[in-house]
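What follows is the residue order along each chain.
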Amino acid sequence: MVRRRFFLAMAGAAAILRAGDPWTAADVRQPSSLAKQLKDGMKPLVLYVGFPVLYKAAHIPGAVLAGPGSKQTGLDVMQAALSGVAKDREIVLYCGCCPFDRCPNIRPAFEKIRESGYTNVTLVMMPTNFHTDWVEPGYPVEKAS
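The structure reproduced in this document is the subject of the present report. Predicted model only: the values in this text are computed from it and were never measured.

Attention shifts here to the side chain of T122. Within the secondary structure layout, T122 lies in strand β5 (residues 121-124). Relative accessible area serves as the criterion here: at 16%, T122 is assigned to the buried category. Setting aside chain neighbours within four positions, we find T122 in contact with D27, R29, I91, V92 and L93.

Put into structure tokens, the structure is as follows:
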């Protein structure tokens, strides 16, 4: 199991360094990093840029539904969620609808938020999906009411 997770992480790391992606390796974080930060009481603005049905089923506690990033309406919702947010505030984007390297939402959302002038933005890399990479390891979740 540990070996499988290691290889998945390595494959995910390779996926984040594809030519043409709008981020660098420094812009990407592991789920464990965010889970620890939240457990320690540090609260970045967490934006879920995926599909609403998945958000309603389970999401990172405190995450704001601001997607899907693959649709203009989702990008508009994300922009509204950022209204009044300082440009240097820590913002974390995540989706987890599918493997990170094939996600239709994360790239457009990241590009849009950076074009809007936000400078402290990271992505949570979910190599497989939210369930496998966040729920199964036992990180906290909440469900929409």
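Following the structure, the description resumes.
A cis amide bond, omega 5 degrees, links G67 with the succeeding residue P68. Mapped onto the elements, P68 comes out in the loop between β3 (64-65) and α4 (72-81).

On to the pattern of salt bridges, then. A full pass over the atoms with the stated rule returns 4 salt bridges. Salt-bridge contacts for D27 lead to R114; the nearest nitrogen and oxygen are separated by 3.2 Å. Highlighted residues: D27 in the loop between α1 (2-16) and β1 (28-29) and R114 in helix α5 (residues 106-115), separated in sequence by 87 residues. E90 is paired through a salt bridge with R29; the nearest N and O atoms lie 3.4 Å apart. Placement of E90 in the loop between α4 and β4 (91-94) and of R29 in strand β1 is noted, with a sequence separation of 61 residues between them. Exposure remark for E90: the relative accessible area of 27% places this residue in the partly exposed category. A residue is classified by how much of its surface remains accessible, and R29, at 12% relative accessible area, is buried.

Quick notes on the rules
Residues numbered from 1 in each chain as written. Predicted model: local features only at pLDDT ≥ 70, side-chain atom pairs only at ≥ 80, totals over all residues. Heavy atoms only, no water. Helix = DSSP H or I, 4+ residues; strand = E, 2+ residues; numbered from the N terminus. Buried < 20%, exposed > 50% of the residue type's maximum accessible area, 1.4 Å probe, protein only. Contact = heavy atoms within 4.5 Å. Salt bridge = Lys/Arg side-chain N within 4 Å of Asp/Glu carboxyl O.

Worth remembering: the numbers are spatial, not functional.
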